[in-house]
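# Structural features, examined
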Amino acid sequence: QVQLVESGGGLVQPGGSLRLSCAVSVSRFSLDYYSYGWFRQAIGKQREKVSCISSGDNNPEYVDSVKGRFTTSRDDAKKMVYLQMNNLKPEDTAVYYCAAGVRVGCYYGMDWWGNGTLVSVSS
């Protein structure tokens with residue numbers, strides 16, 4: 001059983017930065033037993049996978065549009081998963097969700113989801 005709570009969204013100007021946090025509560029296994037993905041959904045668009053930290057020691061993966069700007073990380077001691085977003089663009093505006101799953105990798109049918117946090121990038 002996994003509980004996920006996102007925070008850190010808000011309004012930011014283009015070129016600015018935000019750090020999204022996902023507080024993870026696990027009842028049985030250690031934090032790194034699961035894979036963690038960040039997804040986003042803009043108005044009128046399909047949900048998009050932004051990043052993934054797979055179970056195990058795989059390096060994080062990113063969608064091409066955020067490579068070099070976004071960084072995801074997992075802190076086992078603090079039981080947190082982060083998405084650091086730099087050089088934000090208006091097209092990054094979306095509701096961002098963190099998700100966890102028992103399978104290796106990240107996928108749209110992940111097992112647990114947070115409720116989302118809104119990121120608005122506008123001047």
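Everything below is about the structure printed above this text.
All of these numbers come straight from a predicted model, not from anything done at the bench.

## Looking at the sheet that holds strand 7 (residues 70-75)
Strand order across the open sheet formed by four strands is 1-3-8-7, with antiparallel pairing between neighbours. Sheet topology places strand 1 (2-7) and strand 7 at the edges, where each strand pairs with a single neighbour. On average, each strand axis in the sheet is tilted by 15° relative to the strand beside it, whichever way the strands run. Note that strand 3 (residues 18-26) and strand 8 (residues 80-85) share six bridges and pair antiparallel. By the bridge assignment for strand 8, Cys 22 is matched with Val 81.

## Some thoughts on the pattern of salt bridges
When the charged atoms of two side chains with opposite charge come close together, those side chains can pair. In total, this model carries five salt bridges according to the counting rule given. Glu 48 is paired through a salt bridge with Arg 40; the nearest N and O atoms lie 2.8 Å apart. We classify Glu 48 as partly exposed; its relative accessible area is 26%. On the accessibility criterion, Arg 40 (7% relative accessible area) is buried.

## Observations regarding the state of the cysteines
Disulfide: a covalent bond formed between the sulfur atoms of two cysteine residues. Counted under the stated rule, the structure contains two disulfides. A sulfur-sulfur separation of 2.2 Å characterises the disulfide bridge that pairs Cys 22 with Cys 98. Disulfide Cys 22-Cys 98: torsion about the S-S bond near 60°, hence right-handed. Taken as a pair, Cys 22 in strand 3 and Cys 98 in strand 9 (residues 94-101) lie far apart in primary sequence, 76 residues in all.

## A look at the pairing of strand 8
A large share of strand 8 lies buried, amounting to five of its six residues. By the bridge criterion, six bridges tie strand 7 to strand 8 in an arrangement that is antiparallel. Bridge assignment links Thr 71 to a residue of strand 8, and that residue is Gln 84. The antiparallel pairing of strand 7 with strand 8 creates a hairpin that spans four residues between the two strands, and Lys 79 there sits at a positive phi of about 55°.

## Overview of unusual backbone geometry
In this structure, Lys 79 takes a positive phi of about 55° despite not being glycine. Unlike most non-glycine residues, Asn 87 shows phi in positive territory, near 50°. With respect to the helices and strands, the residue Asn 87 is situated in the loop between strand 8 and strand 9.

Conventions and cut-offs
Residues numbered from 1 in each chain as written. Predicted model: local features only at pLDDT ≥ 70, side-chain atom pairs only at ≥ 80, totals over all residues. Heavy atoms only, no water. Pairing = 2+ DSSP bridges. Helix = DSSP H or I, 4+ residues; strand = E, 2+ residues; numbered from the N terminus. Axes fitted to C-alpha atoms, helices over the stretch in contact; angles between N-to-C directions. Salt bridge = Lys/Arg side-chain N within 4 Å of Asp/Glu carboxyl O. Buried < 20%, exposed > 50% of the residue type's maximum accessible area, 1.4 Å probe, protein only. Disulfide = S-S within 2.5 Å.

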